[in-house]
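Descriptive structure summary
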Amino acid sequence: MTVSSSLQGGSAAGARSGAAALVSRINPLIIAILVLYVLIAIVNPRFLELFNQMNILRQAAVYMVLAVGMTFVISSKGIDLSVGSSLGVCACVMGALVDAGVPVPLGIAAGLLLGTAIGMANGLMITILKVNPLIVTLGMLVTLRGAVHYGMQSNSVVRLPESWVFLGQGFIGPVPMPAIISLSMALIGYWLLNHTRFGRRTIAVGSNEDACRLMGIPVDRHKVAVYGFQGLCVGVAAALLVGRLNSASPDMGLLYELHIIAAVVLGGTALYGGIGTMAGTVLGVLTIGIVENGMVLIGADFHIQRVLVGLLLIAAVAYQEFRRGRMDRMAVAADREAADRDAVEREAARGGSG
Amino acid sequence: MAQSAAPLLEARALRKSFGAVKAVREATFDIGAAEVVAFVGDNGAGKSTVIKMLSGAHRPDDGEISFAGQSFHPRDPEDARRLGIETLYQDLALANDIDAPGNIFLGHELTTRKAGFIPWLDKARMRERARELLARIRIELPSLDQPVRLMSGGQRQAAAIARILRSEATRLIIMDEPTAALGVQETRKVLDLIGSLNEEGLSVIVVMHNLEQVFAVAHRVVVMRGGTVVGTVQTDEVTPKDVVNLIVGAEESR
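Turning our eyes to something else, we now look at unusual backbone geometry. Residue Lys77(A) is not a glycine yet carries a positive backbone phi of 75°. Checked against the element boundaries, Lys77(A) lands in the loop between helix H3 (50-75) and helix H4 (83-99). Its identity as a non-glycine residue notwithstanding, Arg138(B) has a phi of 55°, on the positive side. Tracing the backbone shows Arg138(B) in the loop between helix H4 (123-136) and helix H5 (153-164). We classify Arg138(B) as exposed; it has 11 C-beta atoms within 10 Å.

Now the structure itself:
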């Protein structure tokens, strides 16, 4: 009696965990995006036109590049609030250099280096001073924004060389340059996260930092590299944004950090570290881009899109928590199965000896 | 099988303090080649500090360790691992969001190159090796693809044990309370496993509280009390009761 019931319990838990695993593989954002497409297209069919679809990619490009880096930072259980301010700094330094006569490739390269250096500085402060990443990068958010306004005396650089503007405004066929660059960055990010040591260790550090140290992973150095990579993405995003706007001003990137973090978390990367998905990040950025674009096309009030994005974010985190709870329940079920087997065996042993 | 010519590991007069707390006052013992030695003692007797000095987590304040005939000063656990001492941590030290092969190769990921130059994690080979290692300890996991978070305590431990065997250099395995969190069946598997690792020629240090288990697996028992090794006994020469007396210090009062 006891034997059969506990066995049934075990197999039922097994079947349930199989189904749950299948469901958890489908990113719910795909469904959200499909629903958005249908709803927006019903109100305004122009939403589906190729030009508008490319427009969504173009507008999402800067966010996408930043979000690639942020996916690594958040997967490693970190956070970087300084990306918006850092973008402003990189944009202005690049712009000022090129404005002063430095060739465009060199100016952009200098900006990429500067972005990487700022990111690594974040990482060094976090690991050496052992200050919480939230605080370090919040400090940098304020510091860098102040610095760039001071340095530029709140002026802007305008009218940049054609070659740079092409990066931000050009097309190859029907595809905007920013879309090509940002999707390339996402592909590189996907490869890094899923198919390299760097990505594997980023997830591992976010999952269990102490275990990583015991297994010989240089955790601090790795974190510096992760923030450095985020910084490199900031540099690329800055180059794109300057090209698109054909100017560089100290206000660039204001509040971007919130947008980026929302997109990454919306995509399914876990704020508590250990889970990162680049495909999810791309979907997260696109979801927000579609909401923004669609709201304009259906003539909704500009502010309504913020309301929607905020609510989406809360829903996404609620879903993450739900998924986490389900995983814990699956682990408990696995333990219970083991206990059941023990019980079965004890029962059998008792039957045999009696 | 216990006493061969030269011991694999010799520890002489180890001492270790943390501030004013003398965690280990005097620890002298040796571990033979292909020998299973249990460390027993009350909580705070200094067992885990001694073990951490062997696994590279702590450096002794004083004393000497030699391993395989050489002076042994590991800088960190990775260094100890390179020299041939692996540790099964009590909390298993697993990255819970990563699957079993990923954990077995944590920090030692295998890579290959795609198209001749693009670095690429060699997940297929890690999986294959993981399967071999698990087969060697006669454990089958329900899935090698799910994060270890979703596995039972025994299965998670199997992944951690397979990881210990990854390196060919391993000659001594330290297990810190390997049965503390396990059920009856899984405990028996671990005890069997210690036996079969030993048969393969590996030495094992195991920290355990359950004397029945100690007598089931260990050739010798090192007893610690108040930071000092107070005795070393052969399990085939004494009874569990003698060991209990050593642990609580009843010997001296008699």
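That covers the picture; the talk isn't over yet.
With 30 residues of chain A in contact, the opposing surface of chain B contributes 30 residues. Of all elements in the fold, only helix H9 (197-207), helix H10 (209-214) and helix H14 (302-353) of chain A reach the threshold of two or more residues within the side of chain A that touches chain B. No other element matches H14(A), which puts 12 residues into the side of chain A that touches chain B. Split into classes, the residues belonging to the side of chain A that touches chain B amount to 15 nonpolar, six polar and nine charged.

Taking 1.5 Å of rise per residue, the 12 residues of H5(B) would be expected to cover 16 Å, and the 17 Å separating its terminal C-alpha atoms lies within 8% of that figure. The complete set of buried residues in H5(B) reads Gly154(B), Gln155(B), Arg156(B), Gln157(B), Ala158(B), Ala159(B), Ala160(B), Ile161(B), Ala162(B), Arg163(B) and Ile164(B).

On to the confidence of the model for chain A, then. Scored by pLDDT, chain A comes out at a mean of 90, with 92% of its residues at no less than 70. Low pLDDT, under 50, characterises residues 1-16 of chain A; the predicted model gives this stretch 15 contacts beyond four residues in sequence or across chains.

Below, the discussion takes up the nonpolar core. Membership of the largest hydrophobic core comes to 86 residues, with the highest contact counts inside it found for Ala38(B), Val40(B), Ile173(B), Ile174(B), Val204(B), Ile205(B) and Val206(B). If you tally residues by element for this core, the top one is H5(B), at six residues. Sequence-distant contacts of Ile173(B), defined by excluding residues within four places in its chain, comprise Glu86(B), Leu88(B), Ile164(B), Leu197(B), Leu202(B) and Val204(B). Among the nonpolar cores identified, the runner-up in size contains 82 residues, and Leu81(A), Ala186(A), Leu193(A) and Ala316(A) belong to it.

Turning our eyes to something else, we now look at the environment of Ile260(A). All names here are of chain A. Looking at the secondary structure, you find Ile260 in helix H12 (residues 256-267). Judged by the 34 C-beta atoms lying within 10 Å of it, Ile260 is buried. Each C-alpha atom, one on Ile260 and one on Leu286, is 11 Å from the other, the two residues being 26 residues apart in sequence.

Conventions we followed
Residues numbered from 1 in each chain as written. Chains lettered and ligands numbered in written order. Predicted model: local features only at pLDDT ≥ 70, side-chain atom pairs only at ≥ 80, totals over all residues. Helix = DSSP H or I, 4+ residues; strand = E, 2+ residues; numbered from the N terminus. Buried ≥ 20, exposed ≤ 12 C-beta atoms within 10 Å, placed from the backbone. Contact = placed C-beta atoms within 7 Å. Nonpolar A, V, L, I, M, F, W, Y, C, P; charged D, E, K, R; others polar. Expected span 1.5 Å × (residues − 1). pLDDT = per-residue confidence, 0-100. Core = buried A, V, L, I, M, F, W, Y, C linked by C-beta atoms within 7 Å.

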